[in-house]
Amino acid sequence: MSTLLLPLHLFTLGFLAITIVLADHAAFSWIRGKVAILDEAKVRKYHRNTWIGLIGMIVTGVFLFIPMREYLLTRPQFYIKMAFVVTLIANAFVIGHLQKRATTQSFKDLSFKEKLPLFISGAVSTVAWLGAATTALFLVEEF
Ligand code: HEM
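Residues numbered from 1 in each chain as written. Predicted model: local features only at pLDDT ≥ 70, side-chain atom pairs only at ≥ 80, totals over all residues. Heavy atoms only, no water.

> What is the right way to look at the environment of E40 in this model?
Mapped onto the elements, E40 comes out in helix α2 (residues 40-72). For E40, a relative accessible area of 41% puts it in the partly exposed group. Taking the C-alpha atoms as reference, E40 lies 5.4 Å from T103; in sequence the two are 63 residues apart. (Helix = DSSP H or I, 4+ residues; strand = E, 2+ residues; numbered from the N terminus. Buried < 20%, exposed > 50% of the residue type's maximum accessible area, 1.4 Å probe, protein only.)

Right, dumping it as structure tokens:
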């Protein structure tokens, strides 16, 4: 079972990467005005799949963590990775709240004040996903 955990963790990350690329592609089409509004069912599906993937990463991550906990709890990299994971969870709630704009209004009709949180949460999401994946590469010291 334990030998399957890391591949499962990485498989879930692959599923997430595909979901995020599809969701970002739809979001950019909306921002560029190629589509006036996005299909609500599709946006909900992307958001649901992102939650499933994020929860999958956390569950498989916890099972990877348990046997290595004494070592990982001494590693600053582990705490940095967890900070990125907490950021992703908080940002997923924010995106769930903001995504309604893309299914009800065209991007060009939004005010700057309405656009700003979209850009901030998009930037936070990119930094936190890349941060969690990159710090994972430095969790375990090579001997
Ligand atoms: C949600 C975002 C997450 C991302 C993007 C992510 C990414 C990764 C990646 C890319 C690896 C492979 C590293 C390698 O092969 O050297 C990895 C390994 C690992 N992850 Fe995660 N992970 C996430 C969440 C978690 C969580 C929540 C935990 C624990 C609570 C966790 C614990 C671990 C552990 C213990 C390893 C094994 C390290 C090793 O044996 O080299 N991960 N993660």
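> Teacher, can you tell me more about the packing of helix α3 (residues 76-98) against helix α5 (residues 112-136) here?
If you want to describe how two helices pack, look at the angle between their axes and the distance between the axes. Contact pair α3 / α5: the axes reach a minimum separation of 8 Å and the direction vectors enclose 150°. Classified by the interaxial angle, the pair formed by α3 and α5 is roughly antiparallel. Pair α3 / α5 crosses with left-handed handedness. Residues Q77, I80, K81, F84, T87, L88, N91, V94, I95 and L98 of α3 form the contact with α5, whose participating residues are P117, L118, S121, V124, S125, V127, A128, W129, G131, A132, T135 and A136. For the contact of α3 with α5, the residue count by class is 14 nonpolar, 7 polar and 1 charged. (Axes fitted to C-alpha atoms, helices over the stretch in contact; angles between N-to-C directions. Parallel < 35°, antiparallel > 145°, perpendicular 65-115°, else oblique. Left-handed = near helix turned anticlockwise from the far one by under 90°. Contact = heavy atoms within 4.5 Å. Nonpolar A, V, L, I, M, F, W, Y, C, P; charged D, E, K, R; others polar.)

> Looking at this model, I keep getting lost on the side chain of R75. Mind explaining?
Assignment of secondary structure puts R75 in the loop between α2 and α3. For R75, a relative accessible area of 11% gives the class buried. Among the polar contacts listed, one links the side chain of R75 to the backbone oxygen of F138, at a separation of 3.1 Å. A polar contact of 2.8 Å, which involves the side chain of R75, links it to the backbone oxygen of L139. Once you skip the residues sitting within four places of it in the chain, R75 turns out to touch F138, L139, V140 and E141. (Polar contact = N/O pair within 3.5 Å; in protein donor to acceptor, adjacent residues only side chain to side chain.)

> Which parts of the structure should I look at to understand the nonpolar core?
The nonpolar side chains of a soluble globular protein tend to be buried with one another. Membership of the largest hydrophobic core is limited to 10 residues, which are A26, W30, L38, V43, Y46, L98, A102, F107, L110 and L118. For L38, the contacting residues outside a window of four places in its chain are A26, A27, W30, V43, A102 and T103. Among the nonpolar cores identified, the runner-up in size contains 8 residues, and L54, L88, A92 and W129 belong to it. (Core = buried A, V, L, I, M, F, W, Y, C linked by side-chain atoms within 4.5 Å.)

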